[in-house]
Amino acid sequence: RIQIKESATLTRDVLEQHFSDLKGTLKKLLDERLMSLLQEVDVIEQESIKPLDECQKLIEHGVSTADDLLREGESAVDGDVGQQNEKLCNFTKKALHIQLDSLPEVPSLVDVPCLSAQLDDCLLTILKNQIFRHGTVASRPPVQLEEFVEKPGGILVRWCKVDDDFIPQDYRLQYRKSTASHFEDAYVGSETEFIVLHIDPNVDYQFRVCARGDGRQEWSPWSVPQLGRTTLVPHEWTTGLEGYSLSSRRNIALRNDSQSCGVLYSKAPTYFCGQTLTFRIETVGQPDRRDSLGVCVEQQNGYDSLQRDKAVCISTNGAVFVNGKEMTNQLPAVTSGSTVTFDMEVVQLGPCSNEGGNFKLRVTISSNNREVVFDWVLDQCCGSLYFGCSFSYPGWKVLVF
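Definitions and limits used
Each chain has its residues counted from 1, following the order in which its sequence is written. With the structure being a predicted model, the display of local features is reserved for residues of pLDDT at least 70 and the display and counting of side-chain atom pairs for 80 or more, all residues being used for whole-chain, interface and lining totals. No hydrogens and no water enter the side-chain calculation; it runs on all heavy atoms of the structure. A pair of strands is labelled paired if DSSP reports no fewer than 2 bridges between them. To qualify as a helix, a DSSP run of H or I must reach at least 4 residues; to qualify as a strand, a run of E must reach at least 2; elements of each kind are numbered from the N terminus. All axes are obtained by fitting lines to C-alpha atoms, using only the stretch in contact for helices, and the reported angles, taken between N-to-C directions, cover 0 to 180 degrees. Within 3.5 Å is the distance limit for a polar contact, defined as a pair of N or O atoms, with the added protein rule that one can donate a hydrogen and the other accept it, and that residues adjacent in sequence qualify only through two side-chain atoms. Throughout, a contact is declared for two residues whenever any of their heavy atoms are within 4.5 Å. To pair, rings of Phe, Tyr and Trp, with the six-membered ring standing in for Trp, must have centres within 6.5 Å; the planes then decide the type, stacked if under 30 degrees apart, edge-to-face if over 60, and tilted in the middle. Remark: exposure states derive from per-residue accessible area (1.4 Å probe, protein chains only) relative to the maximum for the residue type, with buried under 20%, exposed over 50%, and partly exposed in between. To estimate how far a helix should reach, multiply one less than its number of residues by 1.5 Å. Here, a salt bridge means any Lys or Arg side-chain nitrogen found within 4 Å of an Asp or Glu carboxyl oxygen. By nonpolar core we mean a set of buried residues, namely Ala, Val, Leu, Ile, Met, Phe, Trp, Tyr and Cys, connected to one another through side-chain atoms within 4.5 Å. The split into domains, and so the bounds of each, comes from an automatic or database assignment of domains. Accessible surface is computed with a 1.4 Å probe, and the buried area is the amount of it that two parts give up when combined, taken over both parts together.

A. The arrangement of the sheet that holds strand β2 (residues 154-161) in detail. Strands sit in the order β1-β2-β5 across an open sheet of 3 strands; the sheet is antiparallel. The open sheet terminates on both sides in strands that have one partner only, identified here as β1 (143-151) and β5 (193-196). When the angles between neighbouring strand axes are averaged without regard to direction, this sheet yields 20°. Across 8 bridges, the pairing between β1 and β2 is antiparallel. From the neighbouring strand, L145 faces β2, where its bridge partner is W159.

Now the structure itself:
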């Protein structure tokens, strides 16, 4: 009931504001069009009257000249006999030089502009049809949030289409801390799931999703916001190794220019069986056969690679190593933007003791849409594992989550 009331109130506010804005914009556009047409009338009026005004001035000048000549002729006739001949002679000379029978060309009435306005009523019909189709009210958004999966320092968010008639082109996922006032974009694209990283553990976050129809510009209404959280602490690289620089959240490691080499391990054994561990290569450097990305039972200093006992890893050239031995199966070489995932599950559990036991993990390593699956036999029980990486040359940058 509360959701219906709140969403109805919000929808009314949105509609009223939108149509108020439309009214203001439409009035502004009509005023601008009116001013443009009035200016056009002014220009035509001025350009059409100008030659007629000049013609009128010529005619008035001719009439004035003829009038002056007429008065001069009357004066010559009325004078005395001595002056009469001289005045008549001057009058005759002036009359011969003035063309009293010539007039400027006056345009015919049909050639003189007659202004009018053409206002087609079909504009109102078009606007009426467009306005009556403008805007819709949806009782349910076409997409809804479907599932939240906890990840270390992140949440995998899945959503689905709930309107069979809606053909999506893109989705848009947003999130915010429950204490924040504004949502921010996490993902825009055609996928129906996304891992949102940089999530603080044991903190509630709000998520919402919308979609854009095929060939459309506008986004659909937002889904009902839902809360998600993760209880899993984020994966972090350990600090202090000279050959690597870390991001502020310590989930990105960059192999720097230092000549120091060695394996960079996780801060703690935060990888548990049943989870997916993901390495994403952000940038690449020169590859080397000793490069490694993988997991191990314990941190062991003095090695320059995870290609050793009690570890499984993949090299940047795609070679897979189990306890230091290279497998015959090989994955594609790692490139910029590649993701390498490790999935493990316990398949056999023997007696746990310090003297050793039979502990077997089924390992799946995936890279570039290919995977290898094998059993990793250990002589001790492992509730959690470390992860690590090693690169011989600078430039490699890897994100772990």
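Let's pick the thread back up.
B. Spatial organisation of the side chain of D170. Residue placement: D170 occurs in strand β3 (residues 168-177). Of note is the side chain of D170, whose polar atom sits 3.4 Å from the side chain of Q169. Ignoring anything within four residues of it in the chain, the contact list for D170 reads G189, S190, C210, A211, R212 and W219.

C. Up close: the packing of aromatic side chains. What the rule picks out here adds up to 11 aromatic pairs. Pairing Y175 with F207 gives two aromatic rings, centres 6.1 Å apart and planes at 20°, and the pair type is stacked. Of the two residues, Y175 is situated in strand β3 and F207 in strand β6 (residues 205-213); the sequence distance between them amounts to 32 residues. Overall, F207 belongs to the buried group, its relative accessible area being 0%. Residues F279 and F387 carry aromatic rings whose centres are separated by 6.2 Å and whose planes lie at 75° to one another, so their mutual orientation is edge-to-face. Residue F279 is located in strand β11 (residues 276-283), and its partner F387 is located in strand β19 (residues 386-390); the two are separated by 108 residues in the primary sequence. Residues F279 and F387 agree in their burial class; the two are buried.

D. Representation of helix α3 (residues 122-133) in the model. The first and last C-alpha atoms of α3 sit 17 Å apart over 12 residues, in line with the 16 Å expected at 1.5 Å per residue. With its phi angle positive at about 85°, G135 sits one or two positions after the end of α3.

E. Spotlight on the pattern of salt bridges. Summed over all chains, the structure comprises 16 salt bridges. When the shortest N-O distance is used, the salt bridge between D200 and R249 registers 3.7 Å. Within this pair, whereas D200 is found in the loop between β5 and β6, its partner R249 is found in the loop between β8 (244-246) and β9 (252-255), the two being separated by 49 residues in sequence. Between K310 and E298 there is a salt bridge whose closest N-O contact spans 4.0 Å. Separated by 12 residues along the polypeptide, K310 in the loop between β12 (292-296) and β13 (311-314) and E298 in the loop between β12 and β13 bring together distant segments of the chain. Residues joined in a network through salt bridges with shared partners are E147, R158 and E193.

F. Broad picture of the nonpolar core. Core analysis: the largest hydrophobic core is formed by 37 residues, its most contacted members being F279, M344, F374 and W376. By size, the runner-up hydrophobic cluster in this structure holds 16 residues, among which are L145, I155, L173 and V209.

G. Region of the structure containing the domain arrangement of the protein chain. Looking at the assigned domains, one finds that the protein chain contains domain 1 (1-133), domain 2 (143-230) and domain 3 (244-400). Between domain 2 and domain 3, the C-alpha centre-to-centre distance is 31 Å. Domain 2 puts 5 residues into the contact, and the matching count from domain 3 is 5 residues. For the domain 2 and domain 3 pair, buried surface summed over both sides reaches about 410 Å², with 48% attributable to carbon and sulfur atoms. Broken down residue by residue, the surface that domain 2 buries against domain 3 is led by P152, L197 and H198, which jointly contribute 73%. There are 1 salt bridge connecting domain 2 and domain 3.

H. Highlighting unusual backbone geometry. Positioned with a positive phi, H198 is a non-glycine residue whose angle comes to about 60°. When you line up the elements, H198 lands in the loop between β5 and β6. For H198, a relative accessible area of 40% corresponds to the partly exposed category. One non-glycine residue, N323, lies in the positive phi region at around 55°. Here N323 shows up in the loop between β14 (319-322) and β15 (325-330). A relative accessible area of 25% places N323 in the partly exposed class.

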